[in-house]
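So the chains spell out like this:
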Amino acid sequence: MAVRTQIDRPPKVPEIRKGDTVVVLAGRDAGKRGVVERVIRTLPAPRGRSMFRRGSTRGGVTVVVEGVNIAKRHTKPRQSSSATDRMPKIQQGGILEIAQPMPIAKVMVVCSSCGKPTRIGHTTLETGRRVRVCRHCGEQLEVKS
Ligand SMILES: [Zn+2]
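Model, not experiment: these values are computed from the prediction. (Residues numbered from 1 in each chain as written. Predicted model: local features only at pLDDT ≥ 70, side-chain atom pairs only at ≥ 80, totals over all residues. Heavy atoms only, no water.)

Undergrad: Quick question: what am I supposed to make of the nonpolar core here?
TA: Side chains of nonpolar character tend, in soluble globular proteins, to be buried together. With 14 residues, the main nonpolar core has Ile 16, Val 22, Val 63, Val 65 and Val 107 as its most contacted residues. When neighbours within four sequence positions are excluded, Val 107 is seen to be in contact with Ile 16, Val 22, Val 23, Val 24, Leu 25, Val 63, Val 65 and Met 102. (Core = buried A, V, L, I, M, F, W, Y, C linked by side-chain atoms within 4.5 Å. Buried < 20%, exposed > 50% of the residue type's maximum accessible area, 1.4 Å probe, protein only. Contact = heavy atoms within 4.5 Å.)

Here's what the structure looks like:
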């Protein structure tokens with residue numbers, strides 16, 4: 001029986017990062033492009049606790065992409081019972097549009113150099129830094145900041 005060690009399972013770093021442009025592969029928003037706002041790593045739900053969680057209980061990485069997988073919440077104007085000096089007592093009604101997290105497997109990074117959706121390769125720079133590269137054109141995919 002094989003013994004699993006740390007070496008067999010290196011920590012998985014999400015290949016998609018905040019600020020990346022991605023294209024949606026599946027679902028209602030398939031084909032849409034947007035910028036990643038958040039990358040969320042979740043752990044699987046403990047057994048028996050699933051009913052207290054919303055959505056998937058399998059864990060994994062999800063991403064929030066600007067303008068994609070929007071949930072619209074209609075809110076009525078209402079009076080807050082716990083009004084303070086800073087918080088107005090009356091909330092305005094309207095439609096809130098909130099981007100919901102989606103599984104990272106449903107999006108693909110779009111290369112900023114060649115504009116194509118691409119899988120991600122890795123290369124090591126002369127400085128020893130590991131960077132992500134586009135499999136089409138070989139350009140780096142690092143987010144410029
Ligand atoms: Zn490219």
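Undergrad: Could you clarify how one ought to interpret the sheet that holds strand S2 (residues 33-42) in this entry?
TA: By way of backbone hydrogen bonds, the strands of a sheet pair with one another, either parallel or antiparallel. Reading across from one edge, S8-S3-S2-S1-S9-S10 is the order of the six strands in this open sheet, with antiparallel pairing throughout. One side of each edge strand has no neighbouring strand; the edge strands of this open sheet are strand S8 (102-103) and strand S10 (117-118). Two elements, strand S9 (residues 107-110) and S10, share two bridges in a ladder whose sense is antiparallel. Along S10, the bridge assignment pairs Val 110 with Pro 117. (Pairing = 2+ DSSP bridges. Helix = DSSP H or I, 4+ residues; strand = E, 2+ residues; numbered from the N terminus.)

Undergrad: What is the right way to look at unusual backbone geometry in this model?
TA: Glycine aside, residues mostly have negative phi, and peptide bonds are mostly found in the trans state. A positive phi is found at Asn 69, a non-glycine position, where the angle reads about 60°. Tracing the chain through its elements places Asn 69 in the loop between strand S3 (60-65) and strand S4 (70-75).

Undergrad: How should the confidence of the model for the chain be read in this particular structure?
TA: Close reading of the predicted structure is inappropriate where its pLDDT is low. With 70% of its residues at a pLDDT of 70 or more, the chain has an overall mean of 80. Here strand S6 (residues 90-91) stands out as the least confident element of the chain, with mean pLDDT 70; strand S1 (residues 21-24) is the most confident, with 96. (pLDDT = per-residue confidence, 0-100.)

Undergrad: Quick question: what am I supposed to make of the coordination of the zinc ion here?
TA: Each protein donor to the zinc ion is listed here as Cys 111 (SG), Cys 114 (SG), Cys 134 (SG) and Cys 137 (SG); together their distances run 2.3 Å. Geometry at the zinc ion is tetrahedral, judged from the four donor atoms that bind it and their angles of 105 to 117° at the metal. (Donors = N, O, S within 2.8 Å, 3.2 Å for Na, K, Ca; no water. Tetrahedral: all angles 85-135°; square planar, octahedral: opposite > 155°, others 65-115°.)

Undergrad: Please clarify how the environment of Pro 101 should be interpreted in this entry.
TA: Tracing the backbone through its elements, the reader meets Pro 101 in the loop between strand S7 (94-99) and S8. Here the alpha-carbon distance between Pro 101 and Val 65, two residues 36 residues apart in the chain, equals 7.4 Å.

Undergrad: Where do I start with the environment of Leu 141 in this structure?
TA: Here Leu 141 lies in the segment after strand S12 (130-134). Sequence-distant contacts of Leu 141, defined by excluding residues within four places in its chain, comprise Asp 20, Val 109, Cys 111, Ser 112, Thr 118, Ile 120, Arg 132, Val 133 and Cys 134.

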